[in-house]
Amino acid sequence: MSGRTTSAGGRGWTLAVVCVATFMLLLDLTVVNVALPDIRDAFDASFTSLQWVLDAYALGLAAVLLTAGSLADRLGRKRVFNIGFVVFLVASLACGLANDAAVLSVARGVQGLGGAVLFAVGPALIGQEYQGKDRGKAFGVFGGVVGLSIAFGPLIGGALTDGLSWRWIFLVNVPVGLLAMAVSALRMRESRAESAPAVDWWGLALFTGALTLLVLALLRGEAEGWGSAPIVGMFAAAVLLLGAFGVVERRLGERAMFQLSLFRNRTFNGVSVVTLLCAAATMSAIFLLVSYVQNVLAYSPWETGLRFLPLTGTLFVAAAISGSLTTRVPQRLLMGTSLALIAAGLFLVALTGPDTSWTALLPSMFGIGLGMGLFNPPRASLSIAVVEPSKAGMASGINETFQQVGVAIGIAGFGAAFQGRVSDLFTQSEAGRQLGASAEEFGEAVAAGGGAEAAGRASSGMAPALEAAARTAFVDGLTDVMFVCAVVAAVGAVVGFAFIRTRDLHESARGETVDVESGRAGVNVVGPQGRLEEEGAAAPIVVEAARVGGEG
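Residue numbers restart at each chain and count upward from 1, following the sequence in its written direction. Under the rules for a predicted model, residues below a pLDDT of 70 receive no local features and side-chain atom pairs below 80 are neither given nor counted, while totals for whole chains, interfaces and linings still include all residues. The side-chain figures draw on all heavy atoms in the structure; neither hydrogens nor water molecules are used.

> Tell me about the overall build of the protein, and please be specific about residues and values.
Under the scheme used here, helices are H or I runs from DSSP no shorter than 4 residues and strands are E runs no shorter than 2 residues, and both carry numbers assigned from the N terminus. Scanning the protein from N- to C-terminus turns up 22 helices and five strands. Only protein chains enter the calculation, and the probe is 1.4 Å; a residue is then buried if its accessible area is under 20% of its type maximum, exposed if over 50%, and partly exposed in between. Here the protein holds 552 residues, and 57% of them are scored as buried. Note on contacts: a residue pair is in contact if any heavy atoms of the two residues lie within 4.5 Å. For the protein, contacts bridging at least 24 residues in sequence account for 80% of all contacts bridging at least 6. For every accessible area listed, the method is Shrake-Rupley and the probe measures 1.4 Å; residues are considered covered only by the protein chains on display. As displayed, the protein has an accessible area near 20900 Å², and 64% of this comes from carbon and sulfur atoms.

Right, dumping it as structure tokens:
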């Protein structure tokens, strides 16, 4: 159970504030990509320094998701949410005023910590306010915002970078965030577990440390070498800390920040795995596709964003539809179908060739956009439906943790695969063989999107051949890696179809209904196939109780 204060405000304000905060924090995952060339020029930054600008935010975002959700259940969700908002806005201001790449990276890490709090607590706040069909619609809006923030990143980043300065991709958060915080303070209602146990400090420290080391190792493995002592040491330490965390949580039982018994819930495991696989496939794919349009097709940041509008528009429409379907269609069908569509979209990247225009990506964009739009609403709803309402923050934090680990795995794994594949393809080309020992270094520049620039520095006689070989290597490497991403998404689809069941949800997420036409009161129960069925008895009163996130 959860208690609430009676402070002024309504659920619409809660949904609005959560959506604004989520849009801002996820926008900062992708918006920076298009501004990296300007940041590099402003600070004369190295490739490693620019990588840390990206990695620091991802690291901060992943490290405290479960911690934030667990604390919110105990201390108050509104209270913790607003603390995270303050941290995010102060760090955004520091990012915009940074005077070198190191300061920017540190500020980005702190910004990620604040964003993690917002991301973990937001779905729990929505779940507290909305029930039944309204919850499905609310999470439809939330899911649409999640997708739009990712898809709109290149467009907004391009507009701010081209029209004002790269600094404004961070500074714009401040006025918007202050307005949202004011609404939150005045109109959002507080909620927390009524009989919350004491804060699990050992669990918080062990899990945060383990996840920090794990994500850091994934993000830095390619640069440092996967077999290097620092990376192996971080992986080993992460495993040890996770083992210690498991021991502590088992001893604490119901007082633990993470209920290990959830791993006995088939749907919890299914949603977690599907979330991780989807994040790994889609985020790395979007990152590489943006790099292709901007660096190979040579469009400006603004022009790149405009060309991703087909994906953005499809995603928004699909999310709106998916939100209304979460109480009508089995959740496993929504989750499985969404990953199947994403897989199809990633397979269709194969239509792209060295000489094709950006329109060759349209079939892929429609598939990816449709899949991502259908995925986010049921994913957010199911993440809190597997536990009692008083533990919604914990459940949301767990699911968002799987998502961010998936992002880190995708960017690290697929990014490394892409870089290696492009470099090999270029080195094996005729132009690459002519470069001799410098071919590998040139190939790395091609993978980073600098093929045309590197070719321009070569002798005039070799430049055309080098540029053509670089373009071919980039596109062929892109289609090869997108095929692997598609296979990962297809595996996620199979898991979604097979492992998600309504009967695994908490009773508060199933609810009661009444057969209005026959005048019989009924209770939705779960049939053998995981669908809601009705058991009824005659009743003089016709009522319909809320159904929360169920299937059917």
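Read on, since the account is not over.
> Give a detailed account of the packing of helix α13 (residues 266-296) against helix α17 (residues 362-385), specifying residues and quantitative values.
α17 packs onto α13 with a crossing angle of 145° between their chain directions and a minimal axis gap of 11 Å. Crossing angle aside, the handedness with which α13 passes α17 is left-handed. Across the interface between the two elements, Val271, Val274, Thr275, Cys278, Thr282, Ile286 and Leu289 from α13 touch Ile368, Met372, Phe375, Arg379 and Leu382 from α17. Put simply, Ala, Val, Leu, Ile, Met, Phe, Trp, Tyr, Cys and Pro go in the nonpolar bin, Asp, Glu, Lys and Arg in the charged bin, and everything else, Gly too, in the polar bin. In terms of residue class, the contact of α13 with α17 is built from nine nonpolar, two polar and one charged. Helix axes use the C-alpha atoms of the stretch in contact, all axes being lines fitted to C-alpha atoms, and the angles between their N-to-C directions lie in the range 0 to 180 degrees. In this scheme the handedness of a crossing depends on how the near helix is turned from the far one: anticlockwise by less than a right angle means left-handed, clockwise means right-handed.

> For unusual backbone geometry, give the residues involved together with the corresponding values.
Unlike most non-glycine residues, Ala298 shows phi in positive territory, near 65°. Position of Ala298 relative to the elements: it lies in the loop between α13 and α14 (301-307).

> Explain the nonpolar core to me, using residue names and the numbers behind them.
Across soluble globular proteins, you tend to see nonpolar side chains buried next to one another. As used in this record, nonpolar core signifies buried Ala, Val, Leu, Ile, Met, Phe, Trp, Tyr and Cys residues forming a set joined through side-chain atoms within 4.5 Å. Ranked by internal contacts, the top residues of the largest apolar core, which has 83 residues, are Val215, Tyr292, Leu346, Phe418, Leu478 and Met482. Here Phe418 is in contact with Leu288, Ala447, Phe474, Gly477, Leu478 and Val481, once residues within four sequence places are set aside. If you look at the next biggest cluster of nonpolar residues, it comprises 44 residues, including Leu29, Val80, Phe119 and Ala279.

> Break down a nonpolar patch on the surface for me, with residues and values.
A patch consists of residues whose relative accessible area exceeds 30% and which take part in no salt bridge; residues with like charges are grouped when within 9 Å of each other, and nonpolar side chains (Val, Leu, Ile, Met, Phe, Trp, Tyr) when within 5 Å. In what follows, salt bridge is the name for a side-chain nitrogen of Lys or Arg lying within 4 Å of a carboxyl oxygen of Asp or Glu. On the surface, Ile83, Val87, Val106, Val110 and Leu113 cluster together into a nonpolar patch covering about 380 Å² of accessible area. Those elements giving two or more residues to the nonpolar patch turn out to be α5 (77-97) and α6 (101-129). Per element, the largest residue contribution to the nonpolar patch is three residues, and it comes from α6. Mapped onto the fold, Val106 is located in helix α6.

> So what's going on with the pattern of salt bridges? Residues and values would help.
A complete count under the given rule lists one salt bridge for this structure. Close ionic contact of Asp480 with Arg421 constitutes a salt bridge, the shortest N to O distance being 2.8 Å. Note that Asp480 is positioned in helix α22 (residues 463-499) and Arg421 in helix α18 (residues 392-428), a separation of 59 residues in sequence.

> Tell me about the confidence of the model for the protein, residues and numbers included.
pLDDT is defined as a per-residue confidence score from the predictor, taking values between 0 and 100. Looking at the protein as a whole, the pLDDT averages 76, with 79% of positions reaching at least 70. Ranking the elements of the protein by mean pLDDT puts strand β3 (residues 512-515) last with 30 and helix α16 (residues 331-347) first with 91. A low-confidence stretch, residues 1-9 stays under pLDDT 50, and its non-local contacts, those more than four residues away or across chains, total 28 contacts. Counting contacts from residues 511-552, a segment whose pLDDT is below 50, to residues more than four positions away or on other chains yields 117 contacts.

> If you had to explain the packing of α16 against α17 to someone new, which residues and values would you point to?
At a minimum axis separation of 7 Å, α16 and α17 run at an interaxial angle of 155°. It follows from the interaxial angle that α16 and α17 lie roughly antiparallel. Pair α16 / α17 crosses with left-handed handedness. Of the residues in α17, those touching α16 at Gln331, Leu334, Met335, Ser338, Leu339, Leu341, Ile342, Gly345 and Leu346 are Ser364, Gly367, Ile368, Leu370, Gly371, Met372, Leu374, Phe375, Pro378, Arg379, Ser381 and Leu382. Angles below 35 degrees are treated as roughly parallel, those above 145 as roughly antiparallel, those between 65 and 115 as roughly perpendicular, and all remaining angles as oblique.

> I'd like to hear about α16, residue by residue, with values.
Given a helix with a known number of residues, its expected span is that number minus one, times 1.5 Å. Over its 17 residues, α16 extends 24 Å from the first C-alpha to the last, a length consistent with the 24 Å expected when each residue adds 1.5 Å. Listed as buried for α16 are Gln331, Arg332, Leu334, Met335, Gly336, Ser338, Leu339, Ile342, Ala343, Gly345 and Leu346.

> I'd love a proper account of the environment of Leu118, names of residues and values included.
By the element assignment, Leu118 lies in helix α6. Along the chain, Leu118 and Ala68 lie 50 residues apart, while their C-alpha atoms are 8.5 Å from each other. In this structure Leu118 touches Ala21, Leu25, Phe81, Gly84, Phe85 and Phe88, once residues within four positions along its chain are discounted.

> Give me the lowdown on the environment of Gly12, citing residues and values where you can.
Note on placement: Gly12 falls in helix α1 (residues 11-30). As for Gly12 and Ala138, which are separated by 126 residues in sequence, their C-alpha atoms are 9.0 Å apart.

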